Amino acid sequence: MLFKRLTKTSQVSSGENSRAPRYASLARISINGFEGEAVLRNVSIGGFRMESKTYAAITGGERYAIRIKPETASRLSAFELEVEARWVKSTEASFTSGFLVTKPPTDRSLEKYIDYIKIKGSSSHPDRN
């Protein structure tokens, strides 16, 4: 009987490293009657997660117009975009929802906001690339 030694090949799964970097920031949000501060996490061109201690009347699968006013230090103007709520998790203490961006602003406001968050994140964490 012959045995052949198998060599290991380096394989990267299709999902690994294919996801764009994502960032977090505090912003003033206006969406479907909700007006207040929220943390935006995993912010990317494709979408983000919104976290708040206040309930927002958001339903999964529905589309909304959202107004984002970045923190004052960003020196960026408020902007609007259209989103679809992909999921919602609501408890007595917190509200979280994931959004897919269906129509970004035409003036590149979202890209400028992400650029600001990247710079802010890398300056507060010097060991990050």
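What comes next is a walk through the structure. Residue positions are counted from 1 within each chain, in the order its sequence is given. Whole-chain, interface and lining totals are the exception, using all residues; otherwise, since this is a predicted model, local features are given only for residues with pLDDT of at least 70 and side-chain atom pairs are given and counted only at 80 or more. Only hydrogens and water are set aside; all other atoms, that is, all heavy atoms of the structure, feed into the side-chain values.

**Focus: the overall build of the protein chain**
In DSSP terms, a helix is any run of H or I states spanning at least four residues, a strand is any run of E spanning at least two, and both are numbered starting from the N terminus. Within the protein chain, the regular secondary structure consists of one helix and six strands. The N-to-C order of helical and strand elements in the protein chain reads β-β-β-β-β-β-α. Going through the 129 residues of the protein chain one by one, you find that 31% of them count as buried. In this analysis, two residues are considered to be in contact whenever any of their non-hydrogen atoms come within 4.5 Å of each other. If you take every contact in the protein chain between residues at least 6 apart in sequence, the share linking residues at least 24 apart comes to 47%. Total accessible area computed for the protein chain in this model is approximately 9200 Å², and 48% of it derives from carbon and sulfur atoms. Think of it in three bands: with a 1.4 Å probe and only protein chains considered, a residue is buried below 20% of the maximum accessible area for its type, exposed above 50%, and partly exposed in between. For the accessible areas, the method is Shrake-Rupley and the probe is 1.4 Å, while residue cover comes only from the protein chains on display.

**Remarks on the pairing of strand β1 (residues 23-31)**
When β1 meets strand β2 (residues 34-44), the two strands line up antiparallel, connected through eight bridges. Each residue of the ladder has a partner; that of Tyr-23, found in β2, is Val-43. Linkage of β1 to β2, two consecutive antiparallel strands, is achieved through a turn of two residues, within which Asn-32 is found at a positive phi near 45°. Strand pairing is defined by DSSP finding a minimum of two bridges between the two strands. The pairing of β1 with strand β4 (residues 63-70) spans five bridges and is classified as antiparallel. Counterpart to Ala-27 in the pairing with β4 is Pro-70.

**Structural notes on the packing of aromatic side chains**
Geometry of aromatic contacts follows a simple scheme: Phe, Tyr and Trp rings, the Trp one being its six-membered ring, pair when their centres are within 6.5 Å, and the pair is stacked under 30 degrees between planes, edge-to-face over 60, tilted otherwise. One pass over the full model with this rule turns up three aromatic pairs. Aromatic pair Phe-48 and Phe-99: ring centres 5.4 Å apart, planes at 40°, arrangement tilted. In this pair, Phe-48 is assigned in strand β3 (residues 47-52) and Phe-99 in strand β6 (residues 95-103), connecting sequence segments 51 residues apart. Phe-48 gets classed as buried once you look at its relative accessible area, which sits at 5%.

**Some details on the sheet that holds β3**
The antiparallel closed barrel is built from six strands, whose spatial order is β1-β2-β3-β6-β5-β4. Sheet twist, expressed as the mean angle between neighbouring strand axes with direction ignored, is 45°. Simply put, an axis is a line fit to the C-alpha atoms, just over the touching stretch for a helix, and the angle between two N-to-C directions goes from 0 to 180 degrees.

**Considerations on the side chain of Thr-96**
Within the fold, Thr-96 resides in strand β6. Leaving out residues up to four positions away in the same chain, Thr-96 has contacts with Arg-49, Met-50, Glu-51, Trp-87, Val-88 and Lys-89.

**Considering the pattern of salt bridges**
Take a side-chain nitrogen of Lys or Arg and a carboxyl oxygen of Asp or Glu: if they are within 4 Å of each other, that pair is a salt bridge. Considering all chains together, one arrives at seven salt bridges under this definition. A salt bridge links Arg-49 to Glu-51; the nearest nitrogen and oxygen atoms lie 2.8 Å apart. Taking the relative accessible area as the measure of exposure, Arg-49 reaches 24% and is therefore partly exposed. Relative accessible area serves as the criterion here: at 21%, Glu-51 is assigned to the partly exposed category. For Glu-84, the salt bridge identified is with Arg-86, shortest N-O distance 3.0 Å. Each of the salt bridges in this network shares a partner with another, and the network as a whole consists of Arg-41, Arg-49 and Glu-51.

**Concerning the environment of Pro-105**
Residue placement: Pro-105 occurs in the loop between β6 and α1 (109-124). A relative accessible area of 14% places Pro-105 in the buried class. In sequence terms Pro-105 and Leu-81 are 24 residues apart; their C-alpha atoms lie 5.5 Å from each other. Not counting the four nearest positions on each side in its chain, Pro-105 is found in contact with Phe-79, Glu-80, Leu-81 and Leu-110.

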